[in-house]
Amino acid sequence: MRSPMEMPTATLEGKVALITGAGRGIGRAIALGFARAGATICCAARTRSEIEDTAARIAAAGGEAFATVADVSVRKSVRQLFATSAAAAGGIDIVVANAGVNLDHGKVEDSDPEAWLATLNTNLTGVYHCAQAAIPYLRERGGGKIITIGSGMGHKGTPGSSAYCCSKAGLWMLTRVLAQELWEYNISVNELIPGPVVTDMSDRDRGAGSVFQIDSEWKKTPEEVVPLALFLATQPAVGPTAQSFSLMRRDS
Ligand code: NAP
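Values in this document were obtained by computation on a predicted structure and should not be read as measured data.

Caption draft 1: Highlighting the site of the ligand. Lining the immediate environment of the ligand, one finds 28 residues, of which Arg-46, Thr-47, Asn-98, Tyr-164 and Thr-199 sit closest. For the ligand, an oxygen atom lies 2.9 Å from a polar atom in the backbone of Ile-26. At 2.9 Å from an oxygen atom of the ligand is found a side-chain nitrogen or oxygen belonging to Lys-168. Taken together, the elements giving at least two residues each to the shell around the ligand come down to α1 (25-36), α6 (162-182) and α7 (200-203).

Caption draft 2: Region of the structure containing the pattern of salt bridges. Scanning the model with the defined rule gives five salt bridges in all. Two residues, Arg-24 and Asp-200, come together in a salt bridge whose shortest N-O distance is 3.6 Å. Of this pair, Arg-24 sits in the loop between β1 (16-20) and α1 while Asp-200 sits in helix α7, and the two are 176 residues apart along the sequence. Classification of Arg-24 as partly exposed rests on a relative accessible area of 39%. Arg-48 is the partner of Glu-52 in a salt bridge, and the nearest nitrogen-oxygen pair spans 3.5 Å. In this pair, Glu-52 and Arg-48 are both assigned in helix α2 (residues 48-60), four residues apart and thus about one turn of the helix distant. By relative accessible area, Arg-48 is classed as partly exposed at 48%. Residues joined in a network through salt bridges with shared partners are Arg-24, Glu-50 and Asp-200.

Caption draft 3: A look at the environment of Asp-104. Tracing the backbone through its elements, the reader meets Asp-104 in the loop between β4 (94-97) and α4 (113-123). Assessed through its relative accessible area of 1%, Asp-104 is described here as buried. Residues Asp-104 and Tyr-164 lie 60 residues apart in sequence; the distance between their C-alpha atoms is 7.2 Å. When residues no more than four places from it in sequence are discounted, the contact partners of Asp-104 are Ser-111, Asp-112, Ala-115, Trp-116, Thr-119, Gly-160, Ser-161, Ser-162 and Ala-163.

Caption draft 4: Representation of the pairing of β1 in the model. Of all five residues that make up β1, five are buried, and the element is covered over most of its length. Neither face of β1 is open: one carries Val-16, Leu-18 and Thr-20, the other Ala-17 and Ile-19, and all of them are buried. Pairing analysis gives five bridges linking β1 to strand β2 (residues 40-45), with the strands arranged parallel. Within the sheet, the bridge partner assigned to Ala-17 lies in β2 and is Ile-41. Handedness of the β1-α1-β2 crossover: right-handed.

Analysis parameters
- Residues numbered from 1 in each chain as written.
- Predicted model: local features only at pLDDT ≥ 70, side-chain atom pairs only at ≥ 80, totals over all residues.
- Heavy atoms only, no water.
- Near = heavy atom within 4 Å.
- Polar contact = N/O pair within 3.5 Å; in protein donor to acceptor, adjacent residues only side chain to side chain.
- Helix = DSSP H or I, 4+ residues; strand = E, 2+ residues; numbered from the N terminus.
- Salt bridge = Lys/Arg side-chain N within 4 Å of Asp/Glu carboxyl O.
- Buried < 20%, exposed > 50% of the residue type's maximum accessible area, 1.4 Å probe, protein only.
- Contact = heavy atoms within 4.5 Å.
- Pairing = 2+ DSSP bridges.
- Right-handed = clockwise from strand over helix to strand, strands pointing away.

None of the figures reported here should be taken as evidence of function without further support.
Structure (structure tokens):
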């Protein structure tokens, strides 16, 4: 057995990671964390100023990053994102499908169908668009990683959040289907469940019924999600795929 001193340290040296929703919250923390581990980062989101800020922070710390405005719910925009990013960075090895929204609030009978669809279009169809666009680039590199950012709410329903729960439940299934379609190309696909994280998105969802109200639950900063993302990004090609990795303390 290797002694701990001989264990390889997690490095992403020479890798290119494309991260959606890299302008703030969990996506930004993963972008900065992966850059610290040596990866070149392709940042994507709809707000130019935010992704340019993430890229600038990476550059200021001595890393390399590109920022491309994209809307994951629009297929053409996603295809352009991957083409532009691969051309700028020389390829793509890792995709973190992190962009997400929680727009639909209220019970199904009161909910807004447009907000329902917009949530599904970003959280589920957006990841489908990203995976479809990513596959040729990952195959070109002989393998890669797709990390989807799921939610405990996709494994356990929460009243008043049907769109978000259904989008993340679908995402968990998409993760498993993709993993089985892609294992022969050395592409691993795994879900990361962050549990409650203090971000803009969770700002308005910390009331009654929220996981933020569970005393024993770990309410974390976006930076505390990074080690698990790094773990998934650095597993060997024969490592885990079609799995869900959670940072939650309760059963989800
Ligand atoms: P956040 O702070 O609101 O960040 C969301 C990011 O996604 C932003 O950069 C946003 O940028 C981007 N985004 C949203 N819609 C997009 C679209 N259509 N196209 C491209 N980018 C888009 O949220 P967060 O809390 O970090 O959430 C990140 C992920 O973690 C989400 O998938 C969320 O469901 C998941 N999650 C969060 C928690 C939590 O407690 N915070 C818990 C479990 C899971 P623009 O608006 O500029 O596009």
